[in-house]
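# Structural characterization, general
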Amino acid sequence: MRVLLLKYLFAFICAAAFSSMSWGQNFNFEYSTLSINEECGLNSRECYFVTKDSKDNLWICTDLGVYKYDGYNTIHYSINDGLLSNVVFEIYEDYKGRIWFLTKSTLLCYLEGGVIKSYEYNSEIIKHCIYPTTDRKKLIVTPNNVYYSVDLCGYFTITNKGQIIENNNPVGRLTLGILEDSLCTIGYKSTKRTLQQILKDKVKYRPLYINKEGNIYQTNADSVERHKKFDIRHLNVNDNDLEGFAILGGALYKFPEIQFLLKDVSCFYPDPLLDNAYWIGTKNGFFHAKFINKRLIKTKNSETLAGNFITSIYCDDLGNTWVTSLEKGLCFLPKQRIHKLEITPFLENQENVRDFEVFKSQLYVSTKFHLVNTNTKRVVTANYSLLQNYKDSLLIASNLIRKPHDWGGMESNLMSIDFTRDFLQKDNDIYLLSNLITKTNVPSKRLEVIYQSNLSKLKDHHLIRFLATENEIYFASSTALFQLKKNTVYLLKNLEGMEISDLAHIPAIGIIISSKSQGLFRYQNSTLQAFQLEENNDLTRNISCIHYSEKTSCLYIGGYQGLIIYHVPSGRSVQLNKNHGFVNSKISIIKEFNDEIFVASFDKIYKVKNEEIVNLFQTKAENTRIASGITGILQDGIKSKSLNQLSYFADFITLNFNVKDYSVWKNKKYQYRLDKKGNWNTILSPEILLPNPRKNFNVEVRYLKSNDTWSDVVINHTVNISPPFYRTFWFYVLIVLLAFIFLFSILRFRLKRKVERLQIANNLLSHQQRLQNARIKPHFIFNVLNSINGHILFNENKQASNYLIKFSQLMRNLLEKSSDDIISLESEVELLHAYLSLEQIRKENKFKFQIDLPNELKHFNIPALMTQPFTENAVIHGISDMEDRAEIRIAFSRVSDRSVRVEICNTGIIPSDQLSKWNNSSVKNAVGITQERIKNLRLLHNNAELFMEIERRDNLTCVVMVLPIIKSEGREA
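Note that the structure is a prediction, hence the values are computed from the model and not measured. (Residues numbered from 1 in each chain as written. Predicted model: local features only at pLDDT ≥ 70, side-chain atom pairs only at ≥ 80, totals over all residues. Heavy atoms only, no water.)

### Some points on the overall build of the protein chain
Note the cut-off: Only DSSP runs of H or I reaching four residues or more are called helices, and only runs of E reaching two or more are called strands; each is numbered from the N terminus. Here the term buried applies to any residue with accessible area under 20% of the maximum for its type, exposed to any over 50%, and partly exposed to those in between, with areas from a 1.4 Å probe on protein chains only. In this description, contact between two residues means that some pair of their heavy atoms is separated by no more than 4.5 Å. Here the accessible surface of atoms and residues is derived via Shrake-Rupley with a 1.4 Å probe, and residues count as covered only by protein chains that are part of the display.
When its secondary structure is counted, the protein chain shows 10 helices and 72 strands. Burial analysis of the protein chain (973 residues in total) assigns 51% to the buried set. Within the protein chain, contacts between residues separated by at least 24 positions form 51% of all contacts whose residues are at least 6 apart in sequence. When the accessible surface of the protein chain is totalled, it reaches about 48,000 Å², and 50% of it is carbon and sulfur.

### So, the packing of aromatic side chains
Within a pair of aromatic rings, the relevant descriptors are the distance that separates the centres and the angle that separates the planes. Put simply, the test is: Note on aromatic pairs: the rings of Phe, Tyr and Trp (six-membered ring only in Trp) are paired at centre separations within 6.5 Å, and the planes decide the class, stacked below 30 degrees, edge-to-face beyond 60, tilted for the rest. Criterion for a charge above a ring: Lys NZ or Arg CZ within 6 Å of the ring centre, and within 35 degrees of the ring normal.
As enumerated under the stated definition, the model contains 24 aromatic pairs in all. Seen from their ring centres, Phe-531 and Tyr-566 are 5.4 Å apart, and the 85° between their planes marks the pair as edge-to-face. Here Phe-531 is found in the loop between β49 (527-530) and β50 (543-549), whereas its partner Tyr-566 is found in strand β52 (residues 562-567), with 35 residues between them in sequence. Grouping residues by exposure puts Phe-531 and Tyr-566 together as buried. Put simply, the rings of Trp-100, Tyr-110, Tyr-119 and Tyr-121 touch in pairs and so form one group of aromatic residues. Of note, Lys-591 hangs over the ring of Phe-356, and the distance from its end group to the ring centre comes to 5.7 Å. Of note, Arg-702 hangs over the ring of Trp-680, and the distance from its end group to the ring centre comes to 4.2 Å.

### Observations concerning the pairing of strand β70 (residues 899-907)
Just so we agree on the cut-off: Two strands qualify as a pair provided that DSSP identifies no fewer than 2 bridges between them.
Counting buried positions along β70 gives eight out of nine residues, so the element sits mostly inside the fold. Here strand β69 (residues 886-894) pairs with β70 via seven bridges, running antiparallel. When the sheet's bridge partners are listed, Ala-891 is paired in β70 with Glu-903. Once β69 ends, the chain turns through four residues before running back antiparallel as β70. Judged from the nine bridges that link them, β70 and strand β72 (residues 956-964) form a sheet pairing that is antiparallel. Bridge pairing links Glu-903 to Val-960 in β72.

### Describing the side chain of Asp-355
How we decide: A 3.5 Å cut-off defines polar contacts: any pair of N or O atoms within that distance qualifies, except that in protein one atom must be a possible hydrogen donor and the other a possible acceptor, and neighbouring residues in sequence count only when both atoms are side-chain atoms.
Its place among the elements puts Asp-355 in strand β31 (residues 355-359). One polar contact links the side chain of Asp-355 to the main-chain amide nitrogen of Leu-387, over a distance of 2.8 Å. A polar atom in the side chain of Asp-355 sits 2.8 Å from the side chain of Lys-591.

### Points about the UniProt feature "transmembrane region" (unreviewed entry) in the protein chain
Inclusion rule: UniProt positions are given in the numbering used here, feature names are shortened, and annotations may be inferred rather than shown by experiment.
The UniProt record marks residues 729-749 with the feature "transmembrane region" (unreviewed entry), using the residue numbering of this structure. Structurally, residues 729-749 comprises 100% helix and 0% strand, and the distance from its first C-alpha atom to its last is 30 Å.

### Structural notes on the nonpolar core
Most often, soluble globular proteins have nonpolar side chains that are buried together. Using the following cut-off: Note on terminology: a nonpolar core comprises buried Ala, Val, Leu, Ile, Met, Phe, Trp, Tyr and Cys residues joined through side-chain atoms within 4.5 Å.
Leu-836 and Phe-892 are the most contacted members of the largest nonpolar core, which totals 50 residues. A total of eight residues in this core trace back to one element, the largest contributor, which is helix α7 (residues 825-842). The residues contacting Leu-836, other than those within four sequence positions of it, are Phe-847, Phe-849, Ile-851, Thr-871, Val-875, Ile-888 and Ile-890.

### A look at the state of the cysteines
As a reminder of what qualifies: Disulfides are defined as pairs of cysteine sulfur atoms found within 2.5 Å of each other.
If you walk through the whole model with that rule in mind, you get one disulfide. Not part of a disulfide, Cys-331 finds its nearest cysteine sulfur in Cys-47, a span of 9.1 Å.

### Concerning the sheet that holds strand β43 (residues 473-477)
Heads up, the rule is: Angles shown run from 0 to 180 degrees and are taken between the N-to-C directions of axes, each axis being a line fitted to C-alpha atoms and, for helices, limited to the stretch in contact.
Spatial strand order, β42-β43-β44-β45: four strands in an open sheet with antiparallel pairing. In this open sheet, the two edge strands, each paired with only one partner strand, are β42 (463-468) and β45 (488-494). Ignoring which end each strand starts from, the neighbouring axes of this sheet average 25° apart. Strand direction decides the pairing type here: strand β44 (residues 480-485) and β45, joined by six bridges, are antiparallel. Note that in β45 the partner of Ala-480 across the bridge is Asn-494.

### With respect to the pattern of salt bridges
Spelled out, the test is: Salt bridges are defined by distance alone: a side-chain nitrogen of Lys or Arg within 4 Å of a carboxyl oxygen of Asp or Glu.
Scanning the entire structure with this criterion turns up 20 salt bridges. Residue Lys-591 pairs with Glu-357 through a salt bridge whose shortest N-O separation is 3.1 Å. Of this pair, Lys-591 sits in strand β54 (residues 589-593) while Glu-357 sits in strand β31, and the two are 234 residues apart along the sequence. Judged by relative accessible area, Lys-591 falls into the buried class, the value being 17%. Given a relative accessible area of 8%, Glu-357 falls into the buried group. The salt bridge partner of Asp-422 is Arg-465, with a shortest N-O separation of 4.0 Å. Of this pair, Asp-422 sits in strand β38 (residues 422-426) while Arg-465 sits in strand β42, and the two are 43 residues apart along the sequence. The exposure class assigned to Arg-465 is partly exposed, which follows from its relative accessible area of 24%.

### Re unusual backbone geometry
At Asp-264, a position not held by glycine, the phi torsion is positive, near 55°. When you line up the elements, Asp-264 lands in the loop between β22 (259-262) and β23 (265-270). Looking at Asp-264, the relative accessible area reads 33%, which means it is partly exposed. The residue Lys-360 is not glycine, and still its phi comes out positive at about 55°. Within the secondary structure, Lys-360 sits in the loop between β31 and β32 (362-366).

If you want it as structure tokens, here you go:
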């Protein structure tokens, strides 16, 4: 018995010692939980579920419909908007971004494009659900199937074609829970019992896990006993060991060993900021706990929802937490774990906090009419405004003279000081600040006025605040800054019109002066400068108090805008206000005790650990822009696989992005622009809708910071729109190429047709020329034969034989070449030579002839029948009137690689009128036909060098032609 008593005594002593060491644990502080029902526009306080969608909208399910809150505006959906029931238990967002509503009805509906639509296979669901209404449901929607679980009815797989497959396992009907893309189920061990027996009696269940492919896994545990309706939630498992936590039948279990942890649990959510830490909701409130050494240990209760049935808890990635209950609706816990202590419960009426102090591990608070010990809950009537810990006493000061006070057993060592607005401890003395500066020794309470001779400097000033540095003492009035040095007062700076509210000292920076109307100023080396905060400078107005903490290297600024914390080493600042746990944003007092910062606002005191303040800036430095970016792109409502390459044919695209501002969860605003020089467009949710995108664009996004200023660009993303082939560069190249080919084909066709026409015309002229030559030949033959006959009659047999041989050779060559269109120059010269030789014999050598053909031209071809007619004309017309002086000259020369020049000259002068007549001859004679042929040849061979003319040279008449050199196949050389 003695041993047992000693154990209890030892435990009591340890507990007392621990209590004295951890004084901060005993102030009855709780997490600052804010009721945000009115802020979110809720018409009902019976809330079932809260979560966020991928666009950062907050969804709250109630018995009067579902509410969507984007941080600024609330949209309420009810049966008037298409809901199947106003009682909505849960929502689910699928892979397309559609919001599905799990209502009282077993039927399904979803929100798409701002319109609520009924599920197309609801008629099939009715056939398989024996109950039209149930409370518990779960849903997963994949591209191929819909997995739907209905309490007491089982769970079904619905295919895209509307086929419903009942997944009733041999262990019984199943109900599933959901964790991300996984399906979790728990099944009856026996199906032989009636429904009434199952609801009434204890039944053993075997927990199951079903993944999204439909494969069923069974836990290692034999069974779990549960009562009445069962549930399964937050099963953080994998296919191998099924390790995690789950709520089974209102009890929290640890998997896979199925370890019972806690009963009457309604909801459960992991804390994203701490390892092995969880928020747990019960039938009587919620609390924060850690799982350590296979035990669930409570770390902090929240009294705000004490006694309320908690229906759901949701934490975002930043650590902000939302809680729903059946009676008080929706509450919010900010990431910054601000703890709150209300003074009003200690008093009969609401009184604002004037000052507070920690004395002997007890928190004392002074109000307008009372002094409160928040630990012992003792309250005495006292009108004192200042509290300060001095050695073994708690100093209580008033700016008026008070009568001796009975503290009612509050503390035996409380000491009061009258007629002071502020006091400062220095060594064993206390300096008091009122209309004068006095110094007193507390035990003797003897007042000593400092230097009467210097009072003239202070008589017009309303003194308000002391400031002590390591070696100096400063104080301020509402309009001036002074220094007290060796009991002498020095006026440092006259600050008329500034309305000074407080002083603080930052090493290496100087004295910080706060003004109620003009912000912050820095005084150093007799110089006064405005003290600017980079991020929250616009909020440094109406400042009531400031405090510098050497432990955190932060300057705390309190006023009507909440608490601004300026981190001196980094030069950055953050603002804590209603968004972070303060019921009211007006801060009147800031103090630091041990490792915590305490602030007062009206009838409440808040505290934040220094550790969280330091982490606040470290986290912000790391995460200011890290998690910002495009998270998904929808094309006509279908999620795109690529974030950079999109289709040209989409009627609209939706860009979902993510910007993680450290401290703001509501009143968010975003701006985007598609052109660096364009105007910013304001939106209230992280979603950009762009209709008919037809070209590449670069989207820039920024967001509204907590100080109502716009951030730098946090998202700079380029999106490429893949145009169809007919809008690409290569398509235009192809079009130009096809157009060129088309035009070329047309031109080639027309040219071919033209060449064919020219060829036909040229052939016709050739035939006409042959006919013209045919008219000459009979006369020529008749003359030759007469000449031969004459030689025979005169017995000139040798001449006759020679004449006949040359004639026969000429006729043979003419007959062989008459059908050819082209002829070589060598053959042409042979024909001309044979013809002229016969004519020379017949004319009895009355003329001479000469044919010049360079050897390099012998094998060149020219059009046939071009020189013969003019050679005949030279014989007929050139020697008729001349005796022994007649001469015919034929010369060939090369003009270019494409042309050859022919000159046929004969003696004799042609009259000018006859020459003009020949040059303008019609096509009916040899000259006209030849001119027309040369014109056609010029077009046919595209050779401008070709021509023909008849001219006079001294006593000669010359026919000059430039003819084309033609290859053997008829093409120009």
